[in-house]
Amino acid sequence: LENLNDDGTLKSKADIFTKRTIRKHEVKETADTSQEALMLSLSEKGHIDFEYMSSLTGFEKNQIINDLKGVIYKIPNISSPAEETYVTADEYLSGNIREKLKIAELSASIDPQYQYHVEALKQAMPKDLSASEIAVRIGATWINPSIYQQFMFELLSTGFYAKQYIQVNFSKVTNEWNVSNKNYDRGNAKVEKTYGTHRANAYRLIEDCLNLKSTKIYDYEYDDDGKKVAILNKKETMIAQQKQDAIKEAFKDWIWKDHDRREQLTKTYNELFNSTRPREYNGDHLEFPNMNNEISLRKHQKDAIAHILYGGNTLLAHVVGAGKTFEMTAACMELKRLGLSQKAMFVVPNHLIEQWGSEFLQLYPSANILVARKQDFEKSKRKKFCSRIATGDYDAIIIGHSMFEKIPVSIERQRRMIEQQIESITQGIQDLNKENSARYSVKQLEKTKKSLKKRLEKLNNDERKDDVIYFEELGVDRIFVDESHNYKNLFLYTKMRNVAGLSQTEAQKSSDLFMKCQYLDEITGGKGIVFATGTPISNSMTEMYTNQRYLQYNTLKEHGLEHFDSWASTFGETVNAIELAPEGTGYRMKTRFAQFYNLPELINMFKEVADIKTADMLNLPVPVAHYEAISVKPSEMQKDIVASLAERAEKVRDGSVDPTEDNM
């Protein structure tokens with residue numbers, strides 16, 4: 001309407017277009033120094049391109065390499081010297097330094113030119129931690145089972161004959177600890193009284209500690225139908241858990257006492273978890289051709305874009321209002337311009353699709369984008385819309401969370417993933433049988449294998465096979481997931497029971513996203529995913545582990561932390577605390593997974609993918625809020641309602657009411 005005259009005719013173009021929104025991209029054709037040429041190469045090519053840098057400076061390649069010694073590094077490649085790759089210092093001197101140092105030392109022993117790599121990597125290596133800086137809890141999976149066995153025998157003064165039968169084993173497949181022949185050492189006062197009870201001896205309690213479980217003691221009765229019912233014995237359970245606490249404390253006192261053991265464990269821990277130096281990204285050199293010149297990005301936004309361009313998978317954990325939308329938009333357009341990505345898909349909350357489209361065009365008015373509408377994902381039109389994605393050359397496709405879920409991963413890929421799981425479980429069963437491990441470990445694996453086979457059969461009988469376009473067929477090689485905290489309910493298997501904050505319910509949309517992330521990791525080498533959220537960890541510590549599974553699954557595997565319990569035993573601790581019951585009428589004992597251990601090492605690993613910016617770090621201009629709390633006395637009616645809620649909650653908790661009739 002603003003562009004119409006009073007009589008309804010269109011104003012002249014001169015009146016409408018008052019500003020140039022797209023600035024002409026002028027690239028410098030010469031550079032005075034090798035340093036300047038490097039900045040231009042990174043900005044225009046996305047990597048170090050010596051041919052381009054020579055054309056800018058007129059210098060020979062060797063001169064540029066000498067000028068930039070210490071600023072760029074040649075990746076050691078003795079096996080095929082012809083395939084040489086140079087990277088910047090901030091990339092080479094970050095990540096897993098210990099791994100890079102091993103390669104550099106080996107290369108330097110063959111070719112002395114790599115000696116200065118060795119010196120630089122030694123300087124960048126994180127300082128080795130001493131025993132006092134490492135927190136170890138019983139159950140940590142990076143500790144050898146023989147050490148736990150030694151602790152158990154010393155603590156309980158196990159007799160010579162009993163030692164031959166009682167053993168601590170760990171199964172990597174089930175991620176489970178097992179103490180064999182727990183009842184063999186009868187009559188030992190330390191086992192049955194000091195560190196155990198007459199209902200649960202110390203060997204059982206140690207096994208539960210290793211598996212991060214709180215021991216529970218049940219009495220069994222028969223109901224009117226003759227069915228066996230388990231009833232928690234609160235007194236015995238409390239005594240057993242107190243003994244568990246005593247065992248945990250004894251382990252903390254024992255673990256660092258022996259000098260040789262201390263040396264061995266600190267060495268193992270440093271190698272596994274203290275080798276990472278997070279990379280600092282600097283986006284000052286970035287130019288943004290075709291961007292609206294009325295908009296200029298802040299320093300933290302350019303740095304975040306540099307992280308997406310030069311790093312791997314990225315989590316933009318920026319406070320609300322920090323400009324994540326423009327960061328992702330600019331990163332997407334730069335990736336396309338530099339040839340690092342062919343087709344990007346933005347997965348955004350359904351109610352923000354149109355807003356995202358308009359903001360994308362506000363920043364890049366000439367962008368060619370495809371914005372999904374609700375009707376595009378009706379059953380009759382979905383295939384046509386997916387065909388447009390697959391055949392069109394778009395800068396970006398913007399679709400909603402629920403629409404994204406309706407584009408399935410191919411049956412072949414799903415089948416392959418399940419077959420791989422079945423294969424590893426079969427291997428695990430064979431290993432357990434060889435070791436004569438506990439029958440229940442084998443039984444548990446057989447049960448899992450059975451359920452996976454059922455899922456496989458269901459996939460094979462799926463009727464929808466031929467009439468769907470699969471995610472892999474769209475040609476998408478980058479996904480940008482806005483408000484990624486909506487996908488926090490990714491299934492995790494844990495042996496911990498009744499611990500608040502450990503959700504074992506699986507959200508279909510989360511497992512769907514996880515499968516697509518695995519596919520993108522395969523085709524891009526771990527560079528195809530960008531998450532953005534203002535609340536990366538909102539309710540539970542497990543959300544950090546979930547983010548790591550989506551974005552750095554291979555890193556978790558390298559460190560032996562792909563199972564949640566391994567991660568939890570290294571970096572977290574459960575805490576028992578008395579808290580107000582939800583119905584507000586009393587207090588209850590609650591176990592929560594709520595305390596971090598070895599936080600610096602965890603953060604170093606997490607910061608490889610996470611770009612974290614809090615309100616304090618950014619100091620953005622915000623209005624001053626005035627809060628006023630007004631307390632109001634409850635009415636009689638409200639008091640009655642709360643009392644009735646408390647009564648109902650008590651019945652639900654005791655299990656005296658059917659969940660279909662009433663539940664929390």
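Computed from a prediction, not measured in an experiment: that's the story for all the values here. (Residues numbered from 1 in each chain as written. Predicted model: local features only at pLDDT ≥ 70, side-chain atom pairs only at ≥ 80, totals over all residues. Heavy atoms only, no water.)

Across its full length, the chain carries 27 helices and 17 strands. Expressed along its principal axes, the backbone C-alpha trace of the chain runs to roughly 95 × 75 × 60 Å. Looking at the chain as a whole, 46% of its 664 residues qualify as buried. Residue pairs in contact within the chain that sit at least 24 positions apart in sequence constitute 67% of those at least 6 positions apart. For the chain, the exposed area adds up to about 36200 Å²; of that, 49% sits on carbon and sulfur atoms. With 90 positive and 96 negative side-chain charges, the chain shows a spacing of 4 Å between the two charge centroids. (Helix = DSSP H or I, 4+ residues; strand = E, 2+ residues; numbered from the N terminus. Buried < 20%, exposed > 50% of the residue type's maximum accessible area, 1.4 Å probe, protein only. Contact = heavy atoms within 4.5 Å. Areas by Shrake-Rupley, 256 points an atom, 1.4 Å probe, with all protein chains shown as cover. Lys, Arg positive; Asp, Glu negative; His and termini not counted. Charge placed at Lys NZ, Arg CZ, Asp CG, Glu CD.)

With that settled, the discussion passes to the nonpolar core. Judged by nonpolar contacts, the single largest core of 146 residues is most densely connected at Met 345, Phe 346, Ile 479 and Trp 567. Every residue in contact with Trp 567, bar those within four places of it in the chain, is listed here: Met 541, Met 544, Tyr 545, Gln 548, Leu 556, Leu 561, Gly 572, Phe 593, Phe 596 and Leu 602. The next biggest cluster of nonpolar side chains, apart from the first, holds 15 residues, and it includes Val 87, Ala 89, Leu 101 and Tyr 114. (Core = buried A, V, L, I, M, F, W, Y, C linked by side-chain atoms within 4.5 Å.)

Glancing now at a nonpolar patch on the surface. There is a patch of nonpolar side chains on the surface, built from Ile 578, Leu 580, Tyr 587 and Met 589 and spanning about 520 Å² of accessible area. Within the residue set of the nonpolar patch, elements represented by two or more residues are strand 15 (572-580) and strand 16 (587-596). With respect to the secondary-structure elements, Met 589 resides in strand 16. (Patch = residues over 30% accessible without salt bridge, like charges linked within 9 Å, V, L, I, M, F, W, Y side chains within 5 Å. Salt bridge = Lys/Arg side-chain N within 4 Å of Asp/Glu carboxyl O.)

Glancing now at helix 21 (residues 508-524). Because each turn of an α-helix spans 3.6 residues, side chains separated by three or four positions in sequence point in the same direction. The first and last C-alpha atoms of helix 21 sit 24 Å apart over 17 residues, in line with the 24 Å expected at 1.5 Å per residue. Within helix 21, 12 of the 17 residues are buried, which leaves the element mostly enclosed by the surrounding structure. Looking at helix 21, one finds that the buried residues are Ser 510, Ser 511, Asp 512, Leu 513, Phe 514, Met 515, Lys 516, Cys 517, Gln 518, Tyr 519, Leu 520 and Asp 521. (Expected span 1.5 Å × (residues − 1).)

Let us look at the pairing of strand 10 (residues 344-348). Here strand 10 lies mainly inside the structure; 5 of its 5 residues are buried. In strand 10, alternate side chains face the same way, and those of Ala 344, Phe 346 and Val 348 on one face and Met 345 and Val 347 on the other are all buried. Inspection of the sheet shows strand 10 paired to strand 12 (residues 396-400) by 5 bridges, in the parallel sense. By the bridge assignment, Ala 344 is partnered in strand 12 with Ala 396. When strand 10 meets strand 13 (residues 478-482), the two strands line up parallel, connected through 4 bridges. Note on strand 13: the bridge partner recorded for Ala 344 is Arg 478. (Pairing = 2+ DSSP bridges.)

Together, Glu 154, Asp 258, Asp 260 and Glu 263 line one region of the surface with negative charge. Here Glu 263 is to be found in helix 13 (residues 259-273). Judged by relative accessible area, Glu 263 falls into the partly exposed class, the value being 44%.

Counting all residues, the mean pLDDT for the chain is 85, and 90% of those residues have values of 70 or more. Taken element by element, the chain is modelled with least confidence in helix 1 (residues 13-16), mean pLDDT 47, and with most confidence in strand 14 (residues 529-532), mean pLDDT 96. (pLDDT = per-residue confidence, 0-100.)

On to the pattern of salt bridges, then. For the coordinates displayed, the defined rule picks out 23 salt bridges. Between Glu 84 and Lys 61 there is a salt bridge; the shortest N-O distance is 2.2 Å. Highlighted residues: Glu 84 in the loop between strand 1 (72-74) and strand 2 (86-88) and Lys 61 in helix 4 (residues 61-67), separated in sequence by 23 residues. Glu 84 sits in the partly exposed class, given a relative accessible area of 31%. Judged by relative accessible area, which is 32%, Lys 61 ranks as partly exposed. A salt bridge links Glu 334 to Arg 337; the nearest nitrogen and oxygen atoms lie 3.0 Å apart.

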